[in-house]
Amino acid sequence: MRSDAQRNRERILEVALAELTRSADVPLSTIAKKAGVGQGTFYRNFPSREALVLEVYRHEVQQVADAAAQLLQTRAPDQALREWMDRLAQYAMAKVGLAEAIRKATSAPGGPAKPGHGPVSDAIALLLKANEDAGTIRHGMTPDDFMLAIAGLWQIDPHGDDWQGRAGRLMDLVMDGLRAGAPGR
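A short tour of the structure in this document, coming up.

Reading the values: the criteria
- Residues numbered from 1 in each chain as written.
- Predicted model: local features only at pLDDT ≥ 70, side-chain atom pairs only at ≥ 80, totals over all residues.
- Heavy atoms only, no water.
- Helix = DSSP H or I, 4+ residues; strand = E, 2+ residues; numbered from the N terminus.
- Areas by Shrake-Rupley, 256 points an atom, 1.4 Å probe, with all protein chains shown as cover.
- Lys, Arg positive; Asp, Glu negative; His and termini not counted.
- Charge placed at Lys NZ, Arg CZ, Asp CG, Glu CD.
- Axes fitted to C-alpha atoms, helices over the stretch in contact; angles between N-to-C directions.
- Parallel < 35°, antiparallel > 145°, perpendicular 65-115°, else oblique.
- Left-handed = near helix turned anticlockwise from the far one by under 90°.
- Contact = heavy atoms within 4.5 Å.
- Expected span 1.5 Å × (residues − 1).
- Buried < 20%, exposed > 50% of the residue type's maximum accessible area, 1.4 Å probe, protein only.
- Core = buried A, V, L, I, M, F, W, Y, C linked by side-chain atoms within 4.5 Å.
- Salt bridge = Lys/Arg side-chain N within 4 Å of Asp/Glu carboxyl O.
- Phe/Tyr/Trp six-rings, centres within 6.5 Å; stacked < 30°, edge-to-face > 60°.

Attention now moves to the overall build of the chain. When you go through the chain residue by residue, the secondary structure sums to eight helices and zero strands. Along the chain, helices (α) and strands (β) appear in the sequence α-α-α-α-α-α-α-α when read from the amino end. Judged by the C-alpha coordinates and their principal axes, the chain covers about 55 × 35 × 35 Å. Surface exposure of the chain reaches about 9600 Å², of which carbon and sulfur atoms provide 50%. Positive and negative side-chain charges in the chain, numbering 23 and 23 respectively, have mean positions lying 5 Å apart.

Quick look at the structure:
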């Protein structure tokens, strides 16, 4: 893909995330206009609302997953994990806003299936292993254990005044729990 075409696609996805989070029924023409692209460019990239919604979701999942390895390159494992948890919280709040758009896109008979969370589970496994190897968290934690521990994220109202504060306190609590009993402490 040419660099200008890639930039257009990225801009469409960025605007679509913001707009679909606000309203599942936002007109596609509004997204195209706010992204600064014409209808032809928009529909070449995303031939339907369903294609756009699912790609926004996939794109966000991949961004979250990719952040894990990037953080591990520049941070100590426990710092990388904690910063990644903040990124995951941002994703969780966006996903709550996208939930209605995703439901509409995947609910039609014969329509596309809801995308999975495989890349996020892989990122969690990578971060947990790096931290176990460094002795910064207790041994034996699995991605499923981690997801269960942070399940409260999906109970936070993304439109509430203090969602970031609440999410941060929850992530701190989970991080403290992961560190308890760590061999390197």
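That was the structure; now back to the text.
Further remarks concern the packing of helix α1 (residues 3–22) against helix α2 (residues 28–35). Any two packed helices are characterised by how steeply their axes cross, that is the angle between the axes, and by the distance between the axes. Axis separation between α1 and α2 bottoms out at 9 Å; the angle between their running directions is 130°. Compared by their axis directions, α1 and α2 come out oblique. In this structure, α1 meets α2 at a crossing whose hand is right-handed. In this structure, α1 contributes R11, I12, V15, A16, E19 and L20 to the contact, and α2 contributes I31, K34 and A35.

With that settled, the discussion passes to helix α6 (residues 118–134). Think of an α-helix as 3.6 residues a turn; residues three or four steps apart then line up on the same face. Taking 1.5 Å of rise per residue, the 17 residues of α6 would be expected to cover 24 Å, and the 24 Å separating its terminal C-alpha atoms lies within 8% of that figure. Turning to α6, its buried residues are V120, A123, I124, L127, L128, A130, N131 and E132. Downstream of α6 by one or two residues, G135 has phi in the positive range, about 75°.

One finds L20, I31, L52, W84, F146 and L153 to be the most contacted residues of the largest nonpolar core, which totals 56 residues. Going through the elements one at a time, α1, α2, α4 (49–74), α5 (77–106), α6 and α8 (163–179) are the ones with two or more residues in this core. Top element by residues in this core is α5. It accounts for 14 residues. Beyond its immediate sequence surroundings of up to four residues, F146 is in contact with L81, W84, M85, L88, I124, L128, V174 and L178.

Our focus in this paragraph is the pattern of salt bridges. Within the structure shown, the criterion is met by 12 salt bridges. In this structure, E83 and R75 form a salt bridge, with 2.8 Å as the shortest nitrogen-oxygen distance. When the shortest N-O distance is used, the salt bridge between D86 and R82 registers 2.6 Å. One end of the pair is D86 and the other is R82, both in helix α5 and four residues apart, which spans about a single turn. For D86, a relative accessible area of 33% translates into the label partly exposed. Taken together, the salt bridges that share partners define one network made up of R9, E55 and R58.

Turning our attention to the packing of aromatic side chains. Under the definition given, this model contains four aromatic pairs. Ring plane angle 55° and centroid distance 6.1 Å describe the contact between F42 and F46, whose orientation is recorded as tilted. Across the pair, exposure class does not vary: F42 and F46 are buried alike. Each member of the aromatic cluster is reached from another via a ring pair, and the members are F42, Y43 and F46.

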